[in-house]
Amino acid sequence: MVVRRFLVALVVFSLVVPFSLSAMAQEKKPFEGVVLNAYFIGGGAYEKLYTKIPEFEEQTGAKVNIAAKLSHFELNKRVAQEFASGGDIDVISTHTTFAPGQKDFLLPLNEYLTPEDLKDFTPSTIEASTVDGKLIMLPRHTDVRIMYYRTDLFEDPREQEAFKAKYGYDLRPPTNWQELLDVAEFFTRPPNLYGFVFTGGEEPLVGTFYELLLSAGGNFFDEEGNVIFNQEPGQKALQLLVDLYYHKKATPEGVPNYRWDEVAKAFRDGLIAFYFDWPGWYTMMKDPKESKVAGKFGLAPYPVGPAGYAKIWGGSHGFAVAKSTKNPEAAVALVKFLTSGDNLYFEAKEGGFLPTSISAYQRLKEDVAKTGDPLDLKRLELLEQELAGFVPPPKIPEYQEIVSAIWPELQKSLVEGRDVKVTLDIAAEKVRKILGR
Amino acid sequence: MRTHSERYFPYVLILPSVIGTFLLIVFPLVYSFFLSLTSFHLLKAQSLRFVGFQNFWEVLHDPAFWVALKNSLLFMVVVVNVELVLGLLVALLLNRASGGQGILRTLFMIPMMFPPILVGLQFRWFFNDQFGLLNNILLSLGIIDRPIGWLVRTKTAMPAVMFADIWQNTPFTAVVFLAGLLSLPVEPLEAALVDGASPWQRFRYVILPMLRPLIFIAMTIRSLDAGRKAFDLIMLMTGGGPAYATEILGTYTFRRAIVDYQFAYGAAISFIDMVLTVGFAVYLYRQLLKGRT
Amino acid sequence: MKSRRKRERVVAALCTVFAVIVLVILLFPTYWMVQTSFRVGREINAFPPVWFPREVTLSSYIKLFGSPHEEASLPFREYFRNSFLVALSSGFFSIVLGTLAGYAFSRFEFRGKRNLFLSVILMRAIPGLALGLPLLVLFKRVQLVNTLSGLILTYTMLNTPFVIWLMEGFFADIPAELSEAARIDGCSRWQALWKVDIPLAAPGISASAIFSLLLSWNEFAIALILTRTPASRTLPVGLFDFVGEFFIDWGGMCAAGTIILIPVVVLTFFIQKWMVRGLTFGAIK
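Along every chain, residues carry numbers that run from 1 in the direction the sequence is written. All chains are assigned letters beginning at A, and all ligands numbers beginning at 1, according to the order in which they are written. At least 70 in pLDDT is required for a residue's local features to be given in this predicted model, at least 80 for side-chain atom pairs to be given and counted, and no such filter applies to totals for whole chains, interfaces and linings, which use all residues. Derived side-chain values reflect all non-hydrogen atoms in the structure, with water molecules and hydrogen atoms excluded from consideration.

Undergrad: Before we move on, could you go through the overall build of chain B and cite the residues and values that matter?
TA: Helix and strand counts for chain B come out as 11 helices and zero strands. Here a strand is any run of E in DSSP of at least two residues, a helix any run of H or I of at least four, and the numbering for each starts at the N terminus. Walking chain B from its N terminus toward its C terminus, one meets helices and strands in the order α-α-α-α-α-α-α-α-α-α-α. Taken along its principal axes, the extent of the C-alpha atoms in chain B is 80 × 75 × 30 Å. Think of it in three bands: with a 1.4 Å probe and only protein chains considered, a residue is buried below 20% of the maximum accessible area for its type, exposed above 50%, and partly exposed in between. The buried share among the 293 residues of chain B stands at 62%. Accessible areas in this description were obtained via Shrake-Rupley with a 1.4 Å probe; residue shielding takes into account the shown protein chains only. For chain B, the computed accessible surface area is about 11,700 Å², with 69% contributed by carbon and sulfur atoms. Think of it this way: Lys and Arg go in the positive column, Asp and Glu in the negative one, and His and the chain ends go nowhere. We put the charge of a Lys on NZ, of an Arg on CZ, of an Asp on CG and of a Glu on CD. When the 22 basic and 15 acidic side-chain charges of chain B are each reduced to a single mean position, those positions are 3 Å apart.

Following this line, the structure appears as structure tokens:
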């Protein structure tokens, strides 16, 4: 009797328990209790996207702990130390320029994603995010630079007249390097106005040099991987920067300490007549609270270089997952969430970025068409042209080390006027040594 | 006479410090030293290969290392000496002040209480070419007609970071000398007064010799930590630039170990740095012991 | 004779003038920072410079700490609490450890004393960079990353050598006969230390306290890599979070700097009298 009751109880129990368990599982969110340590790029426009994270936490039950929000340079140093000291890091911000160097520590995302997951990304950005056949990051937005110039200066009849009298041709946003030099010189009236500004410090200096190098018909390496940036195109590119900074003094003198934030700030403060910058500053620049040039600037294509064309350096920001993560599914889900079409559209609207999502880009275009703002239209048109032909930096793990060997040498020409050939030969020798190891 | 437990008394007193130091300072240091003998790279998973002293050998053949060493020496010699002289002056002045000693002393010690990172930020702003106060003053007085990039010219960048360092650390040497002045025995001074010595003679022949040991101590301390303390400052003001002009061993180590991810190489530089600093300080300390006996 | 006196008086006056100038230069940046923190934006980088603020505002502070109507832009209150806990605890521990060890070095002979004391002094030359990464590895193993305890332990051991050095010198100035007399009256070694030597060493302890607190309060590089949430971040790291913004928001930087300085300045004011007496390193006999 007791035994029978026991058996009945057992049967009932074994029937009920699985049901109640599965009912509980449906209640339970997929990543309940998971904590993800994230190391993100911080600063102004980048952080808008992170306001969407509570939505992810709500949907999945995971908790995202943003352990650091730093500029990309600071971020890379932090992330490298976290990787090297083992574990405790799940999701990072990275960039097509930096990800190849970090590849040993990044989870191949293609093992977790289906082609369906990737079909909304522009194929070229997926291609740029793939190293040795492994997709190591999901792109967020793409950066290519365009020219920003001050319409109140360029369209002022007195300025136009004075310019023509001095240089013998009409004032306009420069279309080639000679005009670039002339216009920069013309508008330089320190301490309240300078013709031009460029990123003269650290990695951004090498980026600027790289861009000019491409437009002069050169590159860092030839197809066999030989170092060639010290040849004639490289010399022309560096000479342009030396002329602008050292000889004509057409930029603020602090330029060797300027990185991305500082150049954009100088333009927003109304100190600069024209310069090149990323799409991401656009919204801030149009905001009269943040910018003295709101409503007073226009956009133009890059001037062509000695090679007869303008080639632009570009890359995509993105998110990656650390190989050491204990919760790869949750981490990949977060990266997927952050790069979803809806969220990238949100980011593009809020920050002025160029989304890597096809659907987000389409929506952005429709919005612009609807409002009909000529500057917005012009911007998308220019960016689209450049997206078709931009060049990413070499996908080699040593890139960061190469950059940090080159920039102090380039500065030597900038601040002391050292002969560009001497500088580039020294830099090239250093790079050969790094690659030869 | 001494009991068994008494013989162990001093060891009991130092034991906690020794254990703590071993766990949190010596052990990590040995670990770093071990890494400096490998090819350890922060972003290469398979880079922990033993290479012996190869990194050290490479450092000694690295021109950038010698530039940084030269800058470090120049930096240390200049700031330490200026801080000693200014510190002595300020201490003598404060020692003479009759009223408000407490407030005055507190005020002049403020720079040494600044977090170095804040000193860096402040002086980066002060010397900034566009928004800096220095250029602002010079321009408004009509002394210059175009802003000067103090931190980006090879000739002015080093003096600018030295200025910031001297500003922060002069109070330290001053407070050490003030402590010395306050604890000087009065008899020799009174004797000198009776002999009719002038203020200068009293300073030169009575006060200065008695302060001598403290001068060596202040010098030893500042030489030992000048490089370490200047690091935050230089990183924020110039990042070692322009073109290596303010690159000291500390910033170069950081560049190689963390920015370039070559941790092993950077560790090798920092150990060479440490050996040099320690050697210099031991020499100073020997002088100090001579002065003490 | 007379002309020499006169010349010396001129030199003395010149020295005083020079020293006053140095003092003014030492004080000026602090003045500038504090008054900038109360300025309205357009006066901050005004040309020509505005020497005394014409309008005063608390807006920079409100941005940091928030107000009933506005949320704080960064968790400064938490940073403040962390810095307090870390500085006070590590200061306390390093004084205990350092005083004990300093006493041993000053009053007793034991094997290896000279070399051990020399190595105490040389601890000051240890490059922070060689410590950072190994500590991160170590702390990850023992779950001390992102904890206040981790920082307290590290700072305690970074401070202890200097405290030992200061206290050794200070105990050397206190006549050993005093504690020996207490011993004859029946005190144990510990009681003599606690009842006689430690009270006499108060100036040395105040000096040690200030220097320990300053290091823990201001340390940046190690705190940066060992912390990762507002739960454990200290003020200098919090300051660095906003470096990018501070290149734009000078008022905010100056307000944060002023806030960071106030506690240590107040503390220094109250104990400076003892502190200055404590810095003799046993060097003046």
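Undergrad: Describe the overall build of chain C, with residues and values.
TA: Assigned secondary structure in chain C consists of 14 helices and zero strands. The order of α-helices and β-strands along chain C, N terminus first, is α-α-α-α-α-α-α-α-α-α-α-α-α-α. Note that the radius of gyration is over C-alpha atoms, with the globule rule given as 2.2 Å times the number of residues to the power 0.38. For 285 residues, the compact-globule estimate of 2.2 N^0.38 gives 19 Å, and the C-alpha radius of gyration of chain C, at 24 Å, exceeds that figure by more than 25%. Expressed as lengths along the three principal axes of its C-alpha atoms, the size of chain C is roughly 75 × 70 × 35 Å. Buried residues in chain C amount to 58% of all 285 residues. Whether two residues touch is decided by their heavy atoms; if any such pair falls within 4.5 Å, the residues are in contact. Put simply, of all contacts in chain C between residues at least 6 apart along the chain, 71% involve residues at least 24 apart. Accessible area of chain C: about 12,600 Å², with a carbon and sulfur share of 67%. A gap of 9 Å separates the mean positions of the 27 positive and 17 negative side-chain charges of chain C.

Undergrad: How would you explain the interface of chain C and chain B if you had to name every residue and give the values?
TA: Contacts between the two partners involve 101 residues from chain C, matched on the other side by 100 residues from chain B. Whenever a carboxyl oxygen of Asp or Glu lies within 4 Å of a side-chain nitrogen of Lys or Arg, that contact is scored as a salt bridge. Our count for the chain C to chain B interface comes out at one salt bridge. Among the ionic pairs, B:Asp225 bridges to C:Arg124, the shortest N-O distance being 2.7 Å. A 3.5 Å cut-off defines polar contacts: any pair of N or O atoms within that distance qualifies, except that in protein one atom must be a possible hydrogen donor and the other a possible acceptor, and neighbouring residues in sequence count only when both atoms are side-chain atoms. Inspection of the chain C/chain B interface yields nine residue pairs in polar contact (both at pLDDT 80 or more).

Undergrad: Tell me about the packing of aromatic side chains, and name the residues and values.
TA: In this scheme Phe, Tyr and Trp rings, the latter by its six-membered ring, pair at centre separations within 6.5 Å, and the angle between planes marks the pair as stacked below 30 degrees, edge-to-face above 60, and tilted otherwise. The final tally for this structure, using the stated rule, is 66 aromatic pairs over all chains. On the basis of an interplanar angle of 20° and a centroid distance of 4.7 Å, the ring pair of A:Phe40 and A:Tyr50 is categorised as stacked. Of this pair, A:Phe40 sits in strand β1 (residues 35-41) while A:Tyr50 sits in the loop between β1 and α2 (53-60), placing them 10 residues apart in sequence. Just as A:Phe40 is buried, A:Tyr50 falls in that class too. Seen from their ring centres, B:Phe9 and C:Phe108 are 5.5 Å apart, and the 70° between their planes marks the pair as edge-to-face. Taken together, the residues span two chains, with B:Phe9 in helix α1 (residues 4-36) and C:Phe108 in the loop between α4 (76-107) and α5 (113-122).

Undergrad: Outline the sheet that holds strand β9 (residues 297-300) of chain A, listing residues and values.
TA: Sheets are built from strands that pair by backbone hydrogen bonding, the pairs being arranged parallel or antiparallel. Residue and element names in this part refer to chain A. A pair of strands is labelled paired if DSSP reports no fewer than 2 bridges between them. Within the open sheet, the three strands sit side by side as β8-β7-β9. Their pairing is antiparallel. Only two strands of the sheet have a single neighbouring strand rather than two, namely β8 (274-277) and β9. Looking at each pair of strands side by side, their axes are set apart by 30° on average, direction ignored. As judged from the four bridges shared by strand β7 (residues 146-150) and β9, these two strands associate in the antiparallel manner. The convention used is that axes are lines fitted to C-alpha atoms, helices contributing only their stretch in contact, and that angles between N-to-C directions extend from 0 to 180 degrees.

Undergrad: So what's going on with the confidence of the model for chain C? Which residues, and what values?
TA: Each residue carries a pLDDT value, the predictor's own confidence for that position, ranging from 0 to 100. Counting all residues, the mean pLDDT for chain C is 85, and 92% of those residues have values of 70 or more. By mean pLDDT, helix α13 (residues 243-246) of chain C is the weakest element of chain C at 59, and α4(C) is the strongest at 93.

Undergrad: Can you break down the interface of chain A and chain C residue by residue, with the values?
TA: Buried accessible area, meaning the area lost when the parts come together, often serves as the stated size of an interface. Listed as interface residues are 18 residues of chain A and, on the opposing side, 13 residues of chain C. Of the roughly 1,300 Å² buried where chain A meets chain C, counting both sides, 51% is carbon and sulfur surface. On the chain A side of the contact with chain C, A:Arg78, A:Gln81 and A:Ser85 bury the most area, a combined 33% of that side's loss. With a shortest N-O distance of 3.3 Å, A:Asp88 and C:Arg228 are connected by a salt bridge. Remark: the boundary between chain A and chain C carries eight residue pairs in polar contact (both at pLDDT 80 or more). Breaking the side of chain A that touches chain C down by element, the ones donating at least two residues are β1, β2 (63-70), α3 (72-84) and α12 (260-268) of chain A. With five residues, β2(A) is the single largest residue contributor to the side of chain A that touches chain C. Note: buried area is the sum, over both parts, of the accessible area (probe 1.4 Å) each one loses when the two are combined.

Undergrad: Explain helix α7 (residues 154-182) of chain B to me, using residue names and the numbers behind them.
TA: Residues and elements named next belong to chain B. Helix span, expected: 1.5 Å multiplied by one less than the number of residues in the helix. The terminal C-alpha atoms of α7, which comprises 29 residues, lie 43 Å apart, in line with the 42 Å expected from a rise of 1.5 Å per residue. In this scheme, the bend at a residue equals the angle between the axes fitted to the seven residues that finish there and the seven that begin there. If you look at α7, its biggest bend is around 35°, right at asparagine 169, and the proline proline 171 turns up within four residues after that. Counting buried positions along α7 gives 23 out of 29 residues, so the element sits mostly inside the fold.

Undergrad: An account of helix α4 (residues 101-113) of chain B is needed here, citing residue identities and associated values.
TA: Residue and element names in this part refer to chain B. Between its first and last C-alpha, α4 extends 18 Å over 13 residues, near the 18 Å set by a 1.5 Å rise per residue. At leucine 107, α4 is bent by approximately 25°, the largest bend along its length, and proline proline 111 sits one to four residues beyond. All of the buried residues in α4 are Gly102, Arg105, Thr106, Phe108, Met109, Ile110, Pro111, Met112 and Met113.

Undergrad: Could you give me a rundown of the packing of helix α9 (residues 199-237) of chain B against helix α10 (residues 249-259) of chain B, with the residues and numbers involved?
TA: All names here are of chain B. Closest axis-to-axis distance for the α9/α10 pair is 8 Å, and the angle between their directions is 65°. On the basis of the axis angle, α9 is roughly perpendicular to α10. Between α9 and α10 lies a crossing whose hand is right-handed. Facing α9, whose interface residues are Phe231, Ile234 and Met235, α10 presents Gly250, Thr251 and Phe254. Split into classes, the residues belonging to the contact of α9 with α10 amount to four nonpolar, two polar and no charged. For classification purposes, angles smaller than 35 degrees are called roughly parallel, those larger than 145 roughly antiparallel, those between 65 and 115 roughly perpendicular, and all remaining angles oblique. Crossing handedness is defined as follows: a turn of the near helix away from the far one that is anticlockwise and smaller than a right angle gives a left-handed crossing, while the clockwise case is right-handed. Gly is placed with the polar residues, together with every amino acid not listed as nonpolar (Ala, Val, Leu, Ile, Met, Phe, Trp, Tyr, Cys and Pro) or charged (Asp, Glu, Lys and Arg).

Undergrad: Any chance you could break down the nonpolar core for me, citing the residues and the numbers?
TA: Nonpolar core, defined: a set of buried Ala, Val, Leu, Ile, Met, Phe, Trp, Tyr and Cys residues in which side-chain atoms within 4.5 Å join the residues together. Core analysis: the largest hydrophobic core is formed by 243 residues, its most contacted members being A:Phe83, A:Leu138, B:Phe75, B:Phe263, C:Met275, C:Leu279 and C:Phe281. Here the element with the most residues in this core is α9(B); it accounts for 17 residues.

Undergrad: So what's going on with the sheet that holds strand β6 (residues 138-144) of chain A? Which residues, and what values?
TA: Residue and element names in this part refer to chain A. Taken together, the five strands give an open sheet; going across it, the order is β2-β1-β3-β10-β6, and neighbouring strands pair in mixed fashion. This sheet does not close on itself; its edge strands, each paired only once, are β2 and β6. In this sheet, neighbouring strand axes are inclined to one another by 20° on average, regardless of whether the strands run parallel or antiparallel. As paired strands, strand β3 (residues 91-95) and strand β10 (residues 314-321) are joined by five bridges and run antiparallel to one another. Each bridged residue has a counterpart across the sheet, and for valine 91 the counterpart in β10 is valine 321.

Undergrad: Account for unusual backbone geometry, with residues named and values stated.
TA: A cis amide bond links A:Pro190 to the next residue, A:Pro191, at an omega of 5°. With respect to the secondary-structure elements, A:Pro191 resides in the loop between α9 (177-186) and α10 (202-215). Even without being a glycine, B:Tyr261 presents a positive backbone phi close to 70°. Structurally, B:Tyr261 can be placed in the loop between α10 and α11 (263-292). Note on B:Tyr261: relative accessible area 7%, which makes it buried. In this model, C:Gln143 sits at a positive phi of 60°, which is unusual for a non-glycine residue. Its location among the elements puts C:Gln143 in the loop between α6 (128-141) and α7 (148-173).

Undergrad: How would you summarise the pairing of β10(A) if you had to cite specific residues and measurements?
TA: Across a regular strand the side chains alternate sides, sitting on one face of the sheet and then on the other. All names here are of chain A. The element β10 is largely enclosed, with a buried count of eight among its eight residues. Alternating positions in β10 separate into two faces, Gly314, Ser316, Gly318 and Ala320 on one and Gly315, His317, Phe319 and Val321 on the other, with burial throughout. Bridge analysis of β6 against β10 gives six bridges, and the strand direction is antiparallel. Residue valine 144 lies in a different strand from β10, and its bridge partner there is glycine 314.

Undergrad: Describe in detail the pattern of salt bridges, supporting the description with residues and values.
TA: For the coordinates displayed, the defined rule picks out 42 salt bridges over all chains. Between B:Arg255 and B:Glu247 there is a salt bridge, with its nearest N and O atoms 2.8 Å apart. Like B:Arg255, the residue B:Glu247 is buried in the burial classification. The structure contains a network of salt bridges with shared partners spanning A:Arg78, A:Glu82, A:Asp88, C:Lys140 and C:Arg228.

Undergrad: So what's going on with the environment of C:Val145? Residues and values would help.
TA: Residue and element names in this part refer to chain C. On the secondary structure map, valine 145 appears in the loop between α6 and α7. The class for valine 145 is buried, based on a relative accessible area of 11%. Along the primary structure valine 145 and leucine 226 are separated by 81 residues, whereas in three dimensions their C-alpha atoms are 5.4 Å apart. Contact partners of valine 145, with chain neighbours within four places excluded, come to Leu136, Phe139, Lys140, Leu226 and Arg228.

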